[in-house]
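Close look at the chain arrangement
Okay, here's what each chain looks like letter by letter:
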Amino acid sequence: MYNRNFRNSSRSRFAKGSSFRPQAGGFPRPQSGGLPRAYSSASPRAGSRGRRVFTNPGLRINVNRFINRATPQEAVAPYNAIHRFQDFAIHQTIKQNITRVGYETPTAIQDQTIPLILEGKDVIGVANTGTGKTAAFLIPLIHKAATFRQEKFLVIVPTRELAHQIQDEFVRFSQTLGLSSVVIIGGMGMGNQIRALRRNPTAVIGTPGRLKDLIERKVLYPSNYRTVVLDEADRMLDMGFITDIRFMLALLPSPRQTLLFSATLSSEIDALTRQFQNNPIKISAVTGVTPSAIDQNIVRFGTEESKVELLHDLLKQSEFEKVLVFGQTKHGVERLSKDLNERGFKAASIHGNKTQSARQKALNLFKQNDISILVATDVAARGLDIPHVSHVINYDIPASYDDYVHRIGRTGRAGNTGKALTFVR
Ligand code: AMP
């Protein structure tokens, strides 16, 4: 992907002030000695118990949390599933579709939640990214819809990309069953979405703002949906969607089945489930705060100028095959993507200032390996499932450790080992 002829001209600009030098084998050693310059010993914050904390605005993350050697995959105890997909009381065609997709055994969250959802129970699935939670709710809900044709379901998600991703899985698992779906998201014209809703699709998958808008326009009738999924509920609350979610849940029929998936359980989530779920059963399949399959390290940079040179030098290494680079701001992400293209890399960007179709196009190029670098803001990258991302680079430090875990969870998915590097001054 990288234009090697170009590199000669920029070699001299490489990272003179940086403490990182690419090594044979590529991945830098953990930097345990000495704290980065951005640490402040002068003003340890209350609550940090004397530990030094990062002093960038809004940041309280000890950079040592960005360093972790991946646990070798064979050392991680495999989950012993109780069920096989063949054991579930689901439509034969869905079983064939699962086989065609290539899933052999259920993941922990699938193994434990599918039987409960099939029984019609309300479920709280505590599952972080990459645990297979999408199929955990889609498989039983597709079965329900294939068996009782009038059954429709509503899936509420935080981001547009996640909505598309869930629809893609819906299509794969529901092949030849004659079921349909629609994605209802902002940033796209309403005309097609309204027409699709009038055809009464089985699954409506959308983001809170647009769903609410179409309910208010009396195009979408919540009373038609006896099953609702709140996916990545913690993210939706973080993003300020609580009022929209409450508005929609209050309009849904009762009795109904309400499924909620979240990586963390806060008091807000607790309040939501108490108000809107009926005797929910909690299933936990969180695999640890820091995904153990991901090699994590920091890369120190000197000046802003040397930072991009350092990134350049990393990206040209052959092991950096498919790289997701995270930046803080929409403008910064756009600028970095342009800069990388000018430097001969094949990069694209996704952030909130782009139209939905431009975001989707960039994502598809990355998924299909037409480009090797995707530069993204946090919000645009939430919940993305992109196969075989070799590295996540936090070009800008995330605002919280939770965001960090989310970002690096884009690599090391589905049993693969991934690598994450965080730029630290
Ligand atoms: P999710 O957590 O739903 O985003 O899924 C993460 C990744 O795991 C996706 O690439 C899925 O296709 C994959 N996956 C989900 N369930 C299974 C399974 N039972 N076997 C193998 N891969 C799976």
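You'll find the structure just up there.
Because the structure is predicted, anything quoted here is derived from the model rather than measured.

1. Overview of the overall build of the chain
Check the secondary structure of the chain and you find 15 helices and 15 strands. Across the 425 residues that make up the chain, the buried fraction comes to 55%. Working note: accessible area of the chain is about 18,600 Å², and carbon and sulfur atoms make up 49% of it.

2. What to know about the packing of helix H9 (residues 242-251) against helix H10 (residues 267-276)
In the contact formed by H9 and H10, the axes pass within 11 Å of each other and the chain directions differ by 10 degrees. Comparing their axes, H10 and H9 come out roughly parallel. Where H9 abuts H10, its residues Ile-242, Ile-245, Arg-246, Leu-249 and Ala-250 lie against Ala-271, Leu-272, Gln-275 and Phe-276. Taken together, the residues that form the contact of H9 with H10 break down as seven nonpolar, one polar and one charged.

3. Focus on the sheet that holds strand S7 (residues 227-230)
Within the open sheet, the seven strands sit side by side as S5-S6-S4-S7-S8-S3-S9. Their pairing is parallel. Two strands bound the open sheet, and with one partner strand each, they are strand S5 (181-184) and strand S9 (281-284). Mean inter-strand twist for the sheet, computed between neighbouring axes without regard to direction, equals 15 degrees. Strand direction decides the pairing type here: strand S4 (residues 153-156) and S7, joined by four bridges, are parallel. Of the residues in S7, the one forming a bridge with Ile-156 is Leu-230.

4. Points about the layout of surface pockets
Considered as a void within the structure, the second largest pocket measures approximately 300 Å³ in volume. Forming the walls of the second largest pocket are 14 residues, and the residues nearest its centre are Glu-304, Gly-332, Arg-335, Leu-336 and Tyr-395. Among the elements of the structure, helix H11 (304-315) and helix H12 (330-342) are those that each provide at least two residues to the lining of the second largest pocket. The element best represented in the lining of the second largest pocket is H12, accounting for five residues. Counted by class, the lining of the second largest pocket contains five nonpolar, four polar and five charged residues.

5. Points about the pairing of S7
Where burial is concerned, the two faces of S7 agree: the one with Thr-227 and Val-229 and the one with Val-228 and Leu-230 are both buried. Taken together, the four bridges between S7 and strand S8 (residues 257-262) define a ladder with parallel strand orientation. The residue bridging Val-229 from the neighbouring strand is Leu-259, located in S8.

6. Details of the site of the ligand
By nearness alone, 14 residues border the ligand, and Tyr-103, Gln-110, Gly-132, Thr-134 and Asp-385 come closest of all. Calculation on the ligand without its partners gives an accessible area of 500 Å², and the protein chains cover 82% of this total. By residue class, the composition of the shell around the ligand is three nonpolar, seven polar and four charged. Residue-level mapping places the shell around the ligand at the junction of two domains, with at least three residues from each of domain 1 (4-74 + 290-424) and domain 2 (85-285).

7. A closer look at H11
An ideal rise of 1.5 Å per residue puts 16 Å on twelve residues; H11 measures up with 17 Å between its terminal C-alpha atoms. The element H11 is extensively covered by neighbouring structure, given that ten of its twelve residues are classed as buried. Regarding H11, the residues found buried are Ser-306, Lys-307, Val-308, Glu-309, Leu-310, Leu-311, His-312, Asp-313, Leu-314 and Leu-315.

Conventions and cut-offs
- Residues numbered from 1 in each chain as written.
- Predicted model: local features only at pLDDT ≥ 70, side-chain atom pairs only at ≥ 80, totals over all residues.
- Heavy atoms only, no water.
- Helix = DSSP H or I, 4+ residues; strand = E, 2+ residues; numbered from the N terminus.
- Buried < 20%, exposed > 50% of the residue type's maximum accessible area, 1.4 Å probe, protein only.
- Areas by Shrake-Rupley, 256 points an atom, 1.4 Å probe, with all protein chains shown as cover.
- Axes fitted to C-alpha atoms, helices over the stretch in contact; angles between N-to-C directions.
- Parallel < 35°, antiparallel > 145°, perpendicular 65-115°, else oblique.
- Contact = heavy atoms within 4.5 Å.
- Nonpolar A, V, L, I, M, F, W, Y, C, P; charged D, E, K, R; others polar.
- Pairing = 2+ DSSP bridges.
- 1 Å grid on protein atoms, 1.4 Å probe; cavity = no way out; pocket = protein on both sides within 12 Å on 5 of 7 lines; lining within 4 Å.
- Points joined across faces, edges and corners; volume = space filled by probe spheres on them.
- Near = heavy atom within 4 Å.
- Domains from an automatic or database assignment.
- Expected span 1.5 Å × (residues − 1).

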